[in-house]
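# Structural characterization, general
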Amino acid sequence: MMIGPFPGPVTGQSSANKLLRDGLLERGHIVSFIDTKGSDLKDYRGHGHLDIRKLIESFSNISKYLRNGFGKGSILYLTPGQSLLGYLRYLPIIILGRIIGQKIVLHFHGAQILDTYKGSNLLFKGLISVISNAANKLVVLGPSLVCMFPFVKDSRKLVVCYNGVLETDAAKYDEVQDKISTQPDNSEIRILYCSNLIKSKGVIDLIKAISLLVEEGYSVSCDIAGVLPKSLESEFYTNFEKIRIHCTFHGPTYGRYKRDLFHKNHIFCLPTYYPTEGQPIAILEAYANG
């Protein structure tokens, strides 16, 4: 039983959940899942603060589990949020899963949980510790993130599992070699931004930087690809209009279209300061495309 966000919108976490689910199904496992995504992409503002919408979503997810997921599967796989509410909202599900003997796997697609723990009072620190120690496995994205769990008593529960890239989003070996061997034209610097367009992922900062480079006389172009949430549309287009002649906005891209963007550009830029950032799949896609 998998509980977490799945694509629509596409995010690193939802893509990873789909990759795991599809891989398990291909290998003959029986997989049920509950999709916990919200209605729109969210920036980090408000993370950890209680509001009615988040509370309703939490109760809705618990209700979905009780109606459609309770008792299904010998393993309960969760991708919890890392704000206080994002983590604690799974406590009832984890307790129920432990009661009926399910193995609990918590997979963390980010790097904020230790900061959340340190910033909490004694009661919430205790609850975070209880949830973490109740799990059979805690999965992190890289060795440097194991340190997020000093409050976990059994270090054998901590597992490193690197993010991956969908085969459809990776270039063939000869395509990468061709890109590496072809020297870029020094007359123009071509930059690619390919990620969801939330403000803390740095897309506005990049647009302003392109504008400064143009003012200083550099020949530069930029392709911007990703989902633009309604909350950023006005600010994005206001800034984008100033450099429209040098930049192209493609919206969300997939498969061959996305690989073509990676192939034609020299530099991949993701100036993110998203506080829960762990190991962005967009950066791995850039590696996989030379």
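So, here's what we can say about the structure. A quick note: this is a predicted structure, and the numbers were derived from the prediction, not measured.

## Some words on the pairing of strand E3 (residues 75-78)
- Bridging between strand E1 (residues 2-4) and E3 involves 2 bridges; their strand directions are parallel. Bridged to Ile3 within E3 is Leu78.

## Examining the packing of aromatic side chains
- Under the counting rule described, the total for this entry stands at 10 aromatic pairs.
- For the ring pair Tyr87 and Phe108, a centre distance of 5.7 Å and an interplane angle of 55 degrees mean the geometry is tilted. Of this pair, Tyr87 sits in helix H3 (residues 84-88) while Phe108 sits in the loop between strand E4 (103-107) and helix H5 (113-118), placing them 21 residues apart in sequence. Residues Tyr87 and Phe108 agree in their burial class; the two are buried.
- Summarising the aromatic geometry, the rings of Phe236 and Tyr237 are spaced 5.2 Å apart at their centres and angled 80 degrees between planes, so their arrangement reads as edge-to-face.
- Classification of Tyr237 by relative accessible area gives partly exposed; the value is 34%.
- Site record: aromatic cluster; members linked through ring pairs are Tyr87, Phe108, Tyr117, Phe149 and Phe151.

## Notes on the side chain of Arg21
- With respect to the element layout, Arg21 can be found in helix H1 (residues 12-26).
- Residues within four places of Arg21 in sequence aside, it is in contact with Met2, Phe6, Val31 and Phe33.

Parameters at a glance
Residue positions are given per chain, counted from 1 along the sequence in the order it is written. Residues qualify for local features only when their pLDDT is at least 70, as the model is predicted, and side-chain atom pairs are given and counted only at 80 or more; totals for whole chains, interfaces and linings, by contrast, use all residues. Only hydrogens and water are set aside when side-chain values are computed; all heavy atoms of the structure are taken into account. Each pair of strands is called paired provided DSSP finds at least two bridges between the two strands. Per the convention used, a helix needs a DSSP run of H or I reaching at least four residues, while a strand needs a run of E reaching at least two, with both numbered from the N terminus. Each Phe, Tyr or Trp ring, with Trp reduced to its six-membered ring, pairs with another whose centre is within 6.5 Å; inter-plane angles below 30 degrees give stacked pairs, above 60 give edge-to-face pairs, and intermediate values give tilted ones. The buried label goes to any residue with under 20% of its type's maximum accessible area, the exposed label to any with over 50%, and the partly exposed label to all in between, with areas taken from a 1.4 Å probe on protein chains only. The contact rule is simple, with two residues in contact once any of their heavy atoms fall within 4.5 Å.

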